[in-house]
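# Per-entry structural report
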Amino acid sequence: MKKLSWIDKIIFLVNSLFAFALLLAYILPFVPPSFFPFLSLLSLGVPFLIIVNFLFLVFWAIRLKRQALLSLIVLLIGLHHVFSLFSFSSETPKSSAKEISIMSYNVHLFNKYRWIEKDSIPQQIKDFVKQEAPDILCVQDYFKTDSISFDLFPYSYVQTKGKNTTSGQAIFSNFPIINKGSLDFPNTFNNAIFADIALENDTIRVFNVHLESLKIIPEEVLEKEVSEKLIHRVGQAFVMQQKQTERLLKTIENTPYKSVICADMNNSAFSYVYRKIENRGFKDAFKEAGNGFGKTYDFDFIPLRIDMIFVENPIRVTDFKNYEVQLSDHYPVMARFEL
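Our subject in this report is the structure included herewith. (Residues numbered from 1 in each chain as written. Predicted model: local features only at pLDDT ≥ 70, side-chain atom pairs only at ≥ 80, totals over all residues. Heavy atoms only, no water.)

## Side note on the sheet that holds strand S12 (residues 333–338)
Formally: We call two strands paired when DSSP finds no fewer than two bridges between them. Think of it this way: any DSSP run of H or I at least four residues long counts as a helix, any run of E at least two long counts as a strand, and we number them from the N terminus. Axis lines are fitted through C-alpha atoms, for helices just across the contact stretch, and the angle between N-to-C directions can take any value from 0 to 180 degrees. Only heavy atoms matter for contacts: two residues are in contact if any of them lie within 4.5 Å across the pair.
In spatial order, the strands read S3-S4-S2-S1-S12-S11; together these 6 strands make up an open sheet with mixed pairing. Each end of this open sheet is capped by a strand with a single partner; those strands are strand S3 (155–160) and strand S11 (316–322). Geometrically, the sheet is characterised by an average inter-axis angle of 15° between neighbouring strands, direction not taken into account. The pairing of S11 with S12 spans 6 bridges and is antiparallel. Bridge pairing in S12 places Asn322 opposite Val333. Sitting on the sheet, helix H5 (residues 121–132) touches strand S1 (100–106), strand S2 (136–143) and S12, and the angle it makes with S1 is about 165°.

Here you go:
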């Protein structure tokens, strides 16, 4: 530090703060949100913290300064997190008659409140699904409306939440649905549903999960007067997500079939709830066969990946695709897998 200029010393101090924040974020997946709800906010910022520490590493390395070791060590400690942020699959997908394709898509109520200034959004979503032709489709923020019908699929399970509501979740399938059910998350409009789907030689259970919404508006993050309320609200949402995930995993324990989870997690791959699902024996399809940052939510500041597909061992993921289709505030994702 003695050989550094005063400007470099300030830069290194800022570097140290970001490195410490990233180290703290590494610990959060092991701490239930109910213990420190407000700290769980850091899990959403991990992509940003990783990128900033990488930039500091490059900055010091170009100048041949040993201060580069700080961010390098921190990034190496969290190498698992780095691969959750960015994935690279060198294998070329090989199609197989045994493959099953499944798409997960939060459709934002089919633009019911005209977040996008177009009347054609419902039809565009249907056309997109028809073009990609998944065998199974899981829809979050589904809205019953006469303007769209997924009659592309012969089998379906639509479950709304709350009295007199027309919104909820849906599972559509080209294969017969032989059983279905709802987990009925309490005190919320969010929910998880499942369908037992009979394939040619096997049966799988598909869960369509929509964890508690954070209700974060990008513009709101910049307003100081709402930051305290925002932190409290998001912290409480993380606590509810913990309870909802525990309810989901308890249901999975009593499931007779291998399972696939399509989820709008409303949380990142660096969170407590994500780690709980992984520890239950599920693989993240993006990490298995995806490419790039895998951004699934339209948030200006951070490449957020909150929409995920998990498959239970020994199901093998053969391909994973992100679609930058701006028909909702979420981007659809699709995985192909073999039993």
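## Here we look at helix H3 (residues 68–77)
Worth spelling out the cut-off: Exposure is judged per residue with a 1.4 Å probe applied to protein chains only, and the accessible area is read against the type maximum: over 50% gives exposed, under 20% gives buried, and values in between give partly exposed. By arc we mean the arc of the directions from the helix axis to the C-beta atoms, nothing more.
Three or more residues of H3 are buried, namely Ala68, Ser71, Val74 and Leu75. Taken around the axis of H3, the buried residues stretch over an arc of 140°, which confines them to a single face. Seen from the buried face of H3, the exposed residues on the opposite side, beyond 90 degrees, are Leu76 and Ile77. Summarising the contacts, the buried residues of H3 are in contact with helix H1 (6–27), helix H2 (42–62) and helix H4 (79–85).

## Re empty space enclosed by the protein
Using the following cut-off: Using a grid of 1 Å spacing that covers the protein atoms alone, one calls a set of points a cavity when a 1.4 Å probe fits there but cannot get out, and a pocket when the set is open and has protein on both sides within 12 Å along at least five of seven lines; lining residues are those with an atom within 4 Å of a point. Grid points are joined across faces, edges and corners, and a volume is the space filled by probe spheres set on the points.
Summed over all chains, the structure comprises 2 cavities of 30 Å³ or more. Considered as a void within the structure, the largest cavity measures approximately 70 Å³ in volume. Every residue lining the largest cavity is counted, 13 residues in all, and those nearest its centre are Pro33, Ser40, Ser43, Ser271 and Tyr272. Only helix H7 (224–253) and helix H8 (272–279) provide two or more residues apiece to the lining of the largest cavity. There is about 60 Å³ of room inside the second largest cavity. In this structure, the second largest cavity is lined by Pro47, Ser84, Leu85, Ser268, Ala269, Phe270, Phe293, Pro303, Leu304 and Arg305.

## What to know about the packing of H1 against H2
How we decide: Throughout, a crossing is termed right-handed when the near helix is turned clockwise from the far one, and left-handed when it is turned anticlockwise from it by less than a right angle.
Viewed as axis vectors pointing N to C, H1 and H2 meet at an angle of 145°, and their least axial separation amounts to 9 Å. The handedness of the crossing between H1 and H2 is left-handed. The segment H1 lies against H2, with Asp8, Ile11, Phe12, Val14, Asn15, Phe18, Ala19, Ala21, Leu22, Leu24 and Ala25 engaging Leu42, Val46, Phe48, Leu49, Ile50, Val52, Asn53, Phe56, Phe59 and Trp60.

## Some details on the packing of aromatic side chains
Under the convention used in this document: Classification of ring pairs rests on two measures: the distance between centres of Phe, Tyr or Trp rings, Trp counted by its six-membered ring, which must be within 6.5 Å, and the angle between planes, read as stacked under 30 degrees, edge-to-face over 60 and tilted in between. Lysine NZ or arginine CZ positioned within 6 Å of the ring centre and within 35 degrees of the ring normal marks a charge as sitting over the ring.
One pass over the full model with this rule turns up 15 aromatic pairs. Their ring planes at 45° and their centres at 6.2 Å tell us that Phe18 and Phe56 sit as a pair that is tilted. Taken together, the residues Phe18 in helix H1 and Phe56 in helix H2 connect sequence positions 38 residues apart. The class for Phe56 is buried, based on a relative accessible area of 14%. Linked through ring pairs, Phe110, Tyr142, Phe150, Phe153 and Phe172 together constitute an aromatic cluster. Directly above the aromatic system of Phe194 lies the positively charged group of Arg205, at a separation of 4.0 Å from the ring centroid.

## A short note on the nonpolar core
To be explicit about the condition: Nine residue types can take part in a nonpolar core, namely buried Ala, Val, Leu, Ile, Met, Phe, Trp, Tyr and Cys, and a core is a set of them joined through side-chain atoms within 4.5 Å.
Core analysis: the largest hydrophobic core is formed by 27 residues, its most contacted members being Ile102, Ile136, Ile197, Ile204, Val260, Ile309 and Phe320. Those residues within four positions of Phe320 in sequence are excluded, and the remaining contacts are Ala285, Phe286, Ala289, Gly290, Ile309, Val333, Met334 and Ala335. Listed in part, the 22 residues of the second largest apolar core include Met103, Tyr105, Phe128 and Ala170.

## Looking at the environment of Phe172
Mapped onto the elements of the fold, Phe172 is located in strand S4 (residues 167–173). By relative accessible area, which is 4% here, Phe172 ends up buried. Dropping the residues within four chain positions of it, Phe172 is found in contact with Asp135, Ile136, Leu137, Val139, Tyr142, Phe150, Phe153, Tyr155, Ser156 and Val158.

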